[in-house]
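# Chains, contacts and geometry: an overview
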Amino acid sequence: MIKKLVELQEKAKTEIMAVKTMHNLNEVKSLYLGKKSPLQEVLTQMKDLTVEEKKEMGIAINAFKQAVEEFVLVKRDLLQKDLINEKLEKEAIDISLPGVKFKDANYHPLELVTREIEEIFIGMGYNIAVGPEVELDLYNFEMLNLPAGHPAREMQDSFYINPTTLLRTHTSPVQARTMLENKNKPIQIICPGKVYRRDDDDATHSHQFMQVEGLVLGSNVSMADLKGTLEYLLKKMFGGDRVIRFRPSYFPFTEPSVEVDVSCFKCNGKGCALCKQNGWIEILGAGMVHPNVLKMAGYDPEVFQGFAFGIGIERVAMLKYGIDDIRNFYTNDIRFLRQF
Ligand code: FA5
């Protein structure tokens with residue numbers, strides 16, 4: 001009988017090790033240890049044995065049961081490992097696959113032009129100044145030689161917060177603020193920023209737009225320096241493609257005053273709807289700082305002279321990128337913005 005048990009144990013081992021699934025393993029286990037297993041047959045034959053033989057047989061049966069349980073445990077462990085490996089293989093991530101490309105945001109064209117202008121002026125030794133968009137009448141008009149009732153105020157009507165405070169109509173108030181801060185010291189600054197006017201919107205005008213102010217004060221600054229500076233800027237911005245012209249003009253805060261036009265990119269100077277048939281697009285106003293402005297800010301006009309300018313950033317961007325309607329800058333059309 002013991003021999004039979006040893007054979008049975010070997011058979012159980014072979015069968016258990018050959019199973020492929022957990023389900024089969026449980027089936028084979030009950031085949032050898034369950035109620036219908038060959039073990040039952042051995043047990044029924046035990047009644048014919050002597051006490052001594054029964055004792056020996058009992059030990060052998062327990063050893064058999066233990067051995068089969070152990071084979072099952074080992075196999076269960078192996079099957080579980082197989083399952084985990086199979087899962088890992090199936091769920092493996094191929095890190096060599098290229099990722100999904102994320103669309104980066106890009107700078108707004110007005111920001112690009114502002115940065116380019118800043119870089120050109122920083123290269124010439126200028127500092128960047130800032131000023132508030134909600135401004136006092138005092139700086140926006142009074143200290144720029146535009147007292148209350150001056151007819152030139154009409155050209156720059158604004159949005160008033162109260163009778164003495166308004167949204168600035170140009171970046172020129174930063175001239176007065178910078179002069180007050182730097183009293184009697186030379187100045188060389190530019191100031192980019194937003195400005196507001198009660199202008200009717202059309203292809204080249206907006207009620208909110210951007211300017212870059214420039215102010216240079218020293219003991220030996222002339223109109224020739226102004227012209228050279230602006231020509232250098234425009235050459236850098238537009239290369240040799242565009243023709244530039246200086247035209248006499250009038251601003252109460254500069255004397256003499258000029259306006260600078262660039263040949264229209266759309267008609268190349270022939271005249272079209274964009275340039276209102278005159279072939280030129282005005283981009284900036286400039287001039288030599290008026291002695292009254294210097295005096296009001298505490299500078300002695302006998303010692304200091306200087307020039308100032310105010311560039312329309314949208315107009316520069318339009319000429320640079322060939323944009324034929326200023327309103328494109330503000331409508332946030334992603335198809336337009338992605339081109340820069
Ligand atoms: C002025 O604003 C003066 N402060 C410029 C100045 C500064 C002159 C320093 C002398 C010394 P003007 O109103 O011409 O000037 O505006 C300057 C530029 O801003 C224009 O040449 C144009 O490029 C731009 N601009 C003016 N109005 C608008 C508008 N409604 N929409 C878009 N751009 C405008």
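Here is a short report on the structure shown in this document. (Residues numbered from 1 in each chain as written. Predicted model: local features only at pLDDT ≥ 70, side-chain atom pairs only at ≥ 80, totals over all residues. Heavy atoms only, no water.)

### Digging into the packing of aromatic side chains
Enumeration according to the criterion identifies nine aromatic pairs in this entry. When the ring of Y299 is compared with that of F304, the centres are 5.0 Å apart and the planes differ by 85°; the resulting orientation is edge-to-face. Grouped by ring-pair contacts, the aromatic residues Y321, F329, Y330, F336 and F340 constitute a single cluster. The lysine or arginine in question, R115, covers the ring of Y107, its NZ or CZ lying 4.2 Å from the ring centre. The ring of F246 carries the charged tip of K227 above its face, separated from the ring centre by 5.4 Å. (Phe/Tyr/Trp six-rings, centres within 6.5 Å; stacked < 30°, edge-to-face > 60°. Lys NZ or Arg CZ within 6 Å of the ring centre and 35° of its normal.)

### Examining the packing of helix α1 (residues 2-18) against helix α2 (residues 22-33)
For the pair α1 and α2, the least separation of the axes is 10 Å and the interaxial angle reads 170°. As far as their axial angle goes, α2 and α1 are roughly antiparallel. Residue-level contacts link L8, K11, A12, E15 and I16 of α1 to L25, V28, L31 and Y32 of α2. Of the residues belonging to the contact of α1 with α2, the class tally is seven nonpolar, no polar and two charged. (Axes fitted to C-alpha atoms, helices over the stretch in contact; angles between N-to-C directions. Helix = DSSP H or I, 4+ residues; strand = E, 2+ residues; numbered from the N terminus. Parallel < 35°, antiparallel > 145°, perpendicular 65-115°, else oblique. Contact = heavy atoms within 4.5 Å. Nonpolar A, V, L, I, M, F, W, Y, C, P; charged D, E, K, R; others polar.)

### So, the packing of helix α3 (residues 38-45) against helix α4 (residues 51-90)
Axis separation between α3 and α4 bottoms out at 12 Å; the angle between their running directions is 170°. Of the possible angle classes, the one that applies to α3 and α4 is roughly antiparallel. Judged by residue contacts, L39, V42 and L43 of α3 engage M57, I61, F64 and K65 from α4. When grouped by side-chain class, the residues that make up the contact of α3 with α4 number six nonpolar, no polar and one charged.

### Notes on unusual backbone geometry
Cis geometry is adopted by the peptide bond preceding P256, which originates at E255 and carries an omega value of -5°. With respect to the secondary-structure elements, P256 resides in strand β8 (residues 254-263). Its identity is not glycine, yet N145 carries a phi of approximately 70°, on the positive side.

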